[in-house]
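Spelled out from the first residue to the last, the chains are:
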Amino acid sequence: MASVILFPAIDLKEGRCVRLVQGDMALATVFNDDPAAQAADFEAQGFEWLHLVDLDGAFAGRPVNAQAVEAILGRVSLPVQLGGGIRDMRTVEGWLASGIRRVIIGTAAVRDPDFVREAARRFPGQIAVGIDARDGRVAVEGWARLSEMSAEDLGRKFEDVGVAALVYTDIARDGILTGLNIEATLALAKAVSIPVIASGGLASIDDVRRMLEPDCAVLEGAISGRALYDGRLDAAEALKLILAARGRTPNA
C-alpha cells in the first residue's frame, strides 16, 4: 500500500484555479483566484504531490498558464506533475527545466507515440501518459475529439519504454462526483505493467477506502479535485487513512 498517493488537482484556466464538468470549458467553476496559494494550502494539509493541468494549454496545444505554474513552483516544495498542451520535446524540456517533476503527455501520445518513447528515453521517470476516455475511446485536444483507440491499446504502446505512469480519466465522471471508475481503471492496470493513476469522479472518503482495498494495490493512486474544494472529501481524514494503510501515523 506504500505506493498509494492522493494527488490534489489544480486545473488552470486564465490563471485561476477552476474545476470543469466532464471537461466542458463552459462549465468552469472558479475555486481560487490564486493557484499558488491553493498549492501552498495543499502542501500545508500534508499532501505529497500536486497534479496540475493547463486547461487553456490543452486546447491551444501549447503552454498558456506558465506564469501561474511558475508561481506555484516558487511557493511549494512538493513534487509536481503537469499536463495540458505538451506536444513537443521543447515543451517537455522547458517544463522539466522549470522544476516540474513529471510531465503528462495526452494528445501527442495518440498522434505521435514515437515522441513519447523518445521523451521517456531522454527523461526516464519523468514522463507520464494521460489517457482520457469516453465510452471506451480515448479523447484528445482537451477532450474535444474522440479517437478510435481504446485505453488499453494506447497504454500497451508504451510498455517497456520507461513511462513513469498512466493517468486514466473517465471523462463521463470527471467533475460530477459519482465515484471513481475502479473497474475500468483496474482493467487498464491489468493490461499493462506501467503504474496507473485513477482520475475522474472521486467523490468521498469511500473512494479513498476503495483505493486501499487489496485489488487496488496495483494502482499508484488517485487524483481528487472538486471533492476537496467543496468539502465532500476531508483531506485530513483521507491522508490519515492512507498513512494507516502504510503502517504509519501522521507526523510519524
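Relevant structure appears above.
Residues numbered from 1 in each chain as written. Predicted model: local features only at pLDDT ≥ 70, side-chain atom pairs only at ≥ 80, totals over all residues. Heavy atoms only, no water.

Our focus in this paragraph is the overall build of the chain. Looking only at helices and strands, the chain features 11 helices and 12 strands. The 252 residues of the chain split such that 56% are buried. Expressed as a percentage of contacts within the chain between residues at least 6 apart in sequence, the contacts between residues at least 24 apart total 70%. Approximately 10500 Å² of the chain is accessible, and the part contributed by carbon and sulfur atoms is 46%. (Helix = DSSP H or I, 4+ residues; strand = E, 2+ residues; numbered from the N terminus. Buried < 20%, exposed > 50% of the residue type's maximum accessible area, 1.4 Å probe, protein only. Contact = heavy atoms within 4.5 Å. Areas by Shrake-Rupley, 256 points an atom, 1.4 Å probe, with all protein chains shown as cover.)

Tallying each qualifying case throughout the model produces two cavities of 30 Å³ or more. Taken as a whole, the second largest cavity spans an internal volume of roughly 50 Å³. Taken together, V4, I5, L6, L202, V208, M211, G221, A222 and I242 make up the lining of the second largest cavity. (1 Å grid on protein atoms, 1.4 Å probe; cavity = no way out; pocket = protein on both sides within 12 Å on 5 of 7 lines; lining within 4 Å. Points joined across faces, edges and corners; volume = space filled by probe spheres on them.)

We now examine the packing of helix α1 (residues 35-45) against helix α3 (residues 66-75). As a packed pair, α1 and α3 sit with axes 8 Å apart at the nearest point and diverge in direction by 35°. The interaxial crossing formed by α1 with α3 has right-handed handedness. Contacts between α1 and α3 involve P35, A36, A37, A39, A40 and E43 from the first element and A68, A71, I72 and R75 from the second. Class assignment of the residues belonging to the contact of α1 with α3 gives a composition of eight nonpolar, no polar and two charged. (Axes fitted to C-alpha atoms, helices over the stretch in contact; angles between N-to-C directions. Left-handed = near helix turned anticlockwise from the far one by under 90°. Nonpolar A, V, L, I, M, F, W, Y, C, P; charged D, E, K, R; others polar.)

Within the secondary structure layout, T169 lies in strand β10 (residues 165-170). Looking at T169, the relative accessible area reads 5%, which means it is buried. At 3.4 Å, the side chain of T169 and the side chain of D132 are in polar contact. (Polar contact = N/O pair within 3.5 Å; in protein donor to acceptor, adjacent residues only side chain to side chain.)

One finds I10, V92, I105, I127, I131, L166 and L233 to be the most contacted residues of the largest nonpolar core, which totals 73 residues. Setting aside chain neighbours within four positions, we find I105 in contact with I86, V92, F115, V116, A119, I127, A128, V129 and G130. Counting 10 residues, the second largest nonpolar core, distinct from the first, contains A9, W49, A165 and I223. (Core = buried A, V, L, I, M, F, W, Y, C linked by side-chain atoms within 4.5 Å.)

Our next topic: the packing of aromatic side chains. For the structure on display, the rule yields four aromatic pairs. Centroid distance F42 to F47: 5.6 Å. Interplanar angle 85°. Geometry classified as edge-to-face. Ring-pair connections join several aromatic residues into one group, and the members of that group are F31, F42, F47 and Y229. A cation over an aromatic ring shows up here: R101 above the ring of W49, its NZ or CZ 6.0 Å from the ring centre. Positioned above the aromatic ring of W49, the side-chain terminus of R102 is 4.7 Å from the ring centre. (Phe/Tyr/Trp six-rings, centres within 6.5 Å; stacked < 30°, edge-to-face > 60°. Lys NZ or Arg CZ within 6 Å of the ring centre and 35° of its normal.)

One way to put it is that helix α4 (residues 89-98) packs onto helix α6 (residues 113-122) with a least axis distance of 11 Å and a crossing angle of 35°. Every pair of crossing elements has a handedness; the one defined by α4 and α6 is right-handed. The segment α4 lies against α6, with M89, V92 and E93 engaging F115, E118, A119 and R122. Residue classes in the contact of α4 with α6 are distributed as four nonpolar, no polar and three charged.

This paragraph deals with unusual backbone geometry. Despite not being glycine, E14 shows a phi value in the positive range, around 55°. A relative accessible area of 56% places E14 in the exposed class. Phi at D160 is positive, roughly 60°, even though this residue is not glycine. Note that D160 resides in the loop between α7 (151-156) and β10. Exposure remark for D160: the relative accessible area of 76% places this residue in the exposed category.

As a further point, take the environment of L82. Assignment of secondary structure puts L82 in strand β5 (residues 80-83). Distance in space between the C-alpha atoms of L82 and V53 is 5.6 Å, their sequence separation being 29 residues. Apart from residues lying up to four places away in sequence, L82 is in contact with L52, V53, D54, V69, W95, I100, R102, V103 and I104.

Function cannot be inferred from these measures alone, as they are strictly geometric.
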